[in-house]
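One letter stands for each residue in the lines below.
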Amino acid sequence: MTAVLFAHPRCDTCRNARRWLDAHHVSYDVVDLTVRAPTSAELRAVLRSSGLPARKLFNTSGQAYRAGGFGERLKTMDDDAMIAALAADGLLVKRPIFTRDALALVGFSADAYARALA
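Residues numbered from 1 in each chain as written. Predicted model: local features only at pLDDT ≥ 70, side-chain atom pairs only at ≥ 80, totals over all residues. Heavy atoms only, no water.

1. With respect to the overall build of the protein chain
Right, on to step 1. Per the secondary structure count, the protein chain includes six helices and four strands.
Right, on to step 2. When the elements of the protein chain are put in sequence order from the N terminus, they spell out β-α-β-α-α-α-α-β-β-α.
Right, on to step 3. Against the compact-globule benchmark of 13 Å for 118 residues, the protein chain has a radius of gyration of 14 Å, which places it among compact chains.
Right, on to step 4. Along the longest, intermediate and shortest principal axes, the C-alpha atoms of the protein chain span 40 × 25 × 25 Å.
Right, on to step 5. Here the analysis covers contacts within the protein chain between residues at least 6 apart in sequence; of these, 67% occur between residues at least 24 apart.
Right, on to step 6. Surface summary for the protein chain: the accessible area is close to 6600 Å², and the carbon and sulfur share equals 48%.
Right, on to step 7. Across the protein chain, 16 positive and 12 negative side-chain charges occur, with their mean positions spaced 4 Å apart. (Helix = DSSP H or I, 4+ residues; strand = E, 2+ residues; numbered from the N terminus. Rg over C-alpha atoms; globule rule 2.2 N^0.38 Å. Contact = heavy atoms within 4.5 Å. Areas by Shrake-Rupley, 256 points an atom, 1.4 Å probe, with all protein chains shown as cover. Lys, Arg positive; Asp, Glu negative; His and termini not counted. Charge placed at Lys NZ, Arg CZ, Asp CG, Glu CD.)

Shown next as structure tokens:
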């Protein structure tokens, strides 16, 4: 299966992830979150593979998160509502997200990437 990196083109953390992947010869396709948000099915697969709760997939430092009042809204949203919100706006998604087969890495840590991919 092809690896996918969901990333924002101007995100330094995403650029660091891409540099790490390139330096370690990991092939992947890039999905630009400013153009296309992950689908609900993709997000559910990330949740299954990562073991994270849905609220951890939100980019809490982003403008879309603040403008949408998600700091308060998440307190009463169920997973389906969170996934729908994330699938509707790629800028709400924590980045980068790397997926391959049954693996999902949310955010970037060179150590976590090395443990999972090297």
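Read on for the rest.
2. Overview of the side chain of Asn59
Right, on to step 1. Position of Asn59 among the secondary structure elements: in the loop between helix H2 (40-50) and helix H3 (63-67).
Right, on to step 2. A distance of 3.1 Å separates polar atoms of two side chains, one belonging to Asn59 and the other to Ser61.
Right, on to step 3. Those residues in contact with Asn59 that sit more than four places away from it in its chain are Tyr65, Leu91, Leu92, Val93, Lys94 and Arg95. (Polar contact = N/O pair within 3.5 Å; in protein donor to acceptor, adjacent residues only side chain to side chain.)

3. Quick word on the packing of H2 against helix H5 (residues 79-88)
Right, on to step 1. In contact at an axis separation of 9 Å, H2 and H5 are set at 125 degrees when each is read in the N-to-C sense. Of the possible angle classes, the one that applies to H2 and H5 is oblique. With respect to the hand of their crossing, H2 and H5 are arranged in right-handed fashion. Taking contact as the criterion, the partners of Ser40, Leu43, Arg44 and Leu47 in H2 are, on H5, Asp80, Ile83, Leu86 and Ala87. (Axes fitted to C-alpha atoms, helices over the stretch in contact; angles between N-to-C directions. Parallel < 35°, antiparallel > 145°, perpendicular 65-115°, else oblique. Left-handed = near helix turned anticlockwise from the far one by under 90°.)

4. With respect to unusual backbone geometry
Right, on to step 1. The residue after Arg95, namely Pro96, is reached through a cis peptide bond having omega -10 degrees.
Right, on to step 2. Following the sequence through the fold, Pro96 ends up in the loop between H5 and strand S3 (97-100).
Right, on to step 3. Positive phi, normally seen in glycine, also occurs at His25, with a value near 55 degrees.
Right, on to step 4. Tracing the sequence through the fold places His25 in the loop between helix H1 (12-23) and strand S2 (29-32).
Right, on to step 5. Its relative accessible area of 75% is what places His25 among the exposed residues.
Right, on to step 6. Residue Asp101 is not a glycine yet carries a positive backbone phi of 55 degrees.
Right, on to step 7. Structurally, the position occupied by Asp101 is in the loop between S3 and strand S4 (103-106). (Buried < 20%, exposed > 50% of the residue type's maximum accessible area, 1.4 Å probe, protein only.)

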